[in-house]
Amino acid sequence: MRAGWGLGILALLGAAVVAPAQDARTQSETTIRVEVNVVNLPVTVTDPEGRFIVDLNKSDFTVWEDGEQVEIRYFTRSVEEDKKPPLFAGFIIDLSNTARLYYKTYQTSIGDLAWMLVPEGGKNRGFLFGYHTEVDELVDFTDDPVLLTERMESLKHGGGSAMFDAVYRACTDKLVSIPYQGASEPRKVLVVIGDGHDNASKRSIDEVIHAAQLHQVTIYAVSTVGWGYHQEEESNLFKLARETGGRVVRPMQKVHKDVAGYLSKPQDAGNYQYEVGTGGYAAAQLQALYEAILDVAGNVQSQYILGYVPSRPFSDQAFRLIDVELGLAGADVQVYHRRGYFPPMVQ
């Protein structure tokens, strides 16, 4: 009797132990299950003066994919920063020979931008790349802006310019969407600080754009081309930004306006370069950089996040065109979003 009684108790205990484990497993499976066929679309809206419009509602937006209207299932207002997915921000800095001339001018402002996008103690994370003839990973993902800014202060310049390789590597190594998390996918941006010149990359600009669109990366740029200079390859920055929904700011293009001490005295040095005075010009430089950094940070922080399920599942790798319309009759606004995307790999 005792033996039978003991076996019965063990059987009951075994059932008591196994049942909760099964429940826990079932509950865990339910918890981690996500809807992966969701496109997260960051959208920024500005008025004609470039000021951000932050009080729009879900009903103000209409999204089209490949000419077919899709339902917006998830909507986060631009001011609801705590409700947005975390931000992954990559800073990519030109370390080529030409960058040595201007980097000290930009250094503090880029550090300020790192603090704005990766605030101390927040959920956002950032990393730092530098590019010359090669691409250097200078700071891995971190939530500490001090690590980013301190490293920005000790950069060494030299060699050619492999900007495309740097952006491609940032997209495919640091911001890769595997496994894709659907509506919980982090927001991903790259900020390129340079003049758009590239003479050392193995990757083409089309390969870079494909990688950014595949991994849902928005590219912003702070152009370092000074007023009085013409750099054809600056168009690379505009193409990267346009295809991914970002912006290019050109802080040095308006420094000369209304500044005492400015000497309009062209020189024959390959391009027209202009001598400038001191004092007022230096102050104008700092003001222009400050406004440019606020512009980039504002574009990221003022994003609306529109989430929708496409009419076709992520079963092919064909490019899908996106269009966003605002139902604001007669309003003169500019809407920034990526032109389209390649469906991510879903595991």
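From a predicted model like this one, the values you see are computed outputs, not experimental measurements. (Residues numbered from 1 in each chain as written. Predicted model: local features only at pLDDT ≥ 70, side-chain atom pairs only at ≥ 80, totals over all residues. Heavy atoms only, no water.)

1. Here we look at the overall build of the chain
Of the regular secondary structure elements, the chain holds seven helices and 16 strands. Here the contacts in the chain between residues at least 6 apart in sequence split such that 79% fall between residues at least 24 apart. Here the chain displays about 17200 Å² of accessible surface, and carbon together with sulfur accounts for 52% of that area. (Helix = DSSP H or I, 4+ residues; strand = E, 2+ residues; numbered from the N terminus. Contact = heavy atoms within 4.5 Å. Areas by Shrake-Rupley, 256 points an atom, 1.4 Å probe, with all protein chains shown as cover.)

2. Brief notes about the sheet that holds strand S1 (residues 39-46)
If you walk across this open sheet you meet the four strands as S4-S13-S1-S15, and the pairing is antiparallel. Here the strands that pair on one side only, and so sit at the sheet edges, are strand S4 (72-76) and strand S15 (334-336). For this sheet, the mean angle separating the axes of adjacent strands, direction not counted, is 25°. (Pairing = 2+ DSSP bridges. Axes fitted to C-alpha atoms, helices over the stretch in contact; angles between N-to-C directions.)

3. Side note on empty space enclosed by the protein
Tallied over the full model, the rule gives one cavity of 30 Å³ or more. Approximately 80 Å³ is the volume attributed to the largest cavity. For the lining of the largest cavity, a count of residues per class yields four nonpolar, two polar and four charged. (1 Å grid on protein atoms, 1.4 Å probe; cavity = no way out; pocket = protein on both sides within 12 Å on 5 of 7 lines; lining within 4 Å. Points joined across faces, edges and corners; volume = space filled by probe spheres on them. Nonpolar A, V, L, I, M, F, W, Y, C, P; charged D, E, K, R; others polar.)

4. A few points about helix H2 (residues 103-117)
The first and last C-alpha atoms of H2 sit 20 Å apart over 15 residues, in line with the 21 Å expected at 1.5 Å per residue. Those residues of H2 not exposed but buried are Tyr103, Tyr106, Ser109, Ile110, Gly111, Leu113, Ala114 and Leu117. (Expected span 1.5 Å × (residues − 1). Buried < 20%, exposed > 50% of the residue type's maximum accessible area, 1.4 Å probe, protein only.)

5. So, the side chain of Lys188
Within the secondary structure layout, Lys188 lies in strand S8 (residues 187-194). Residue class for Lys188 comes out buried when judged on its relative accessible area of 4%. From its side chain, Lys188 meets the backbone oxygen of Leu175 in a polar contact 3.2 Å long. Within the structure, Lys188 has its side chain in polar contact with the backbone oxygen of His215 (distance 2.7 Å). Lys188 has contacts with Phe88, Leu175, Ser177, His215, Gln216, Val217 and Thr218, leaving out every residue within four places of it along the chain. (Polar contact = N/O pair within 3.5 Å; in protein donor to acceptor, adjacent residues only side chain to side chain.)

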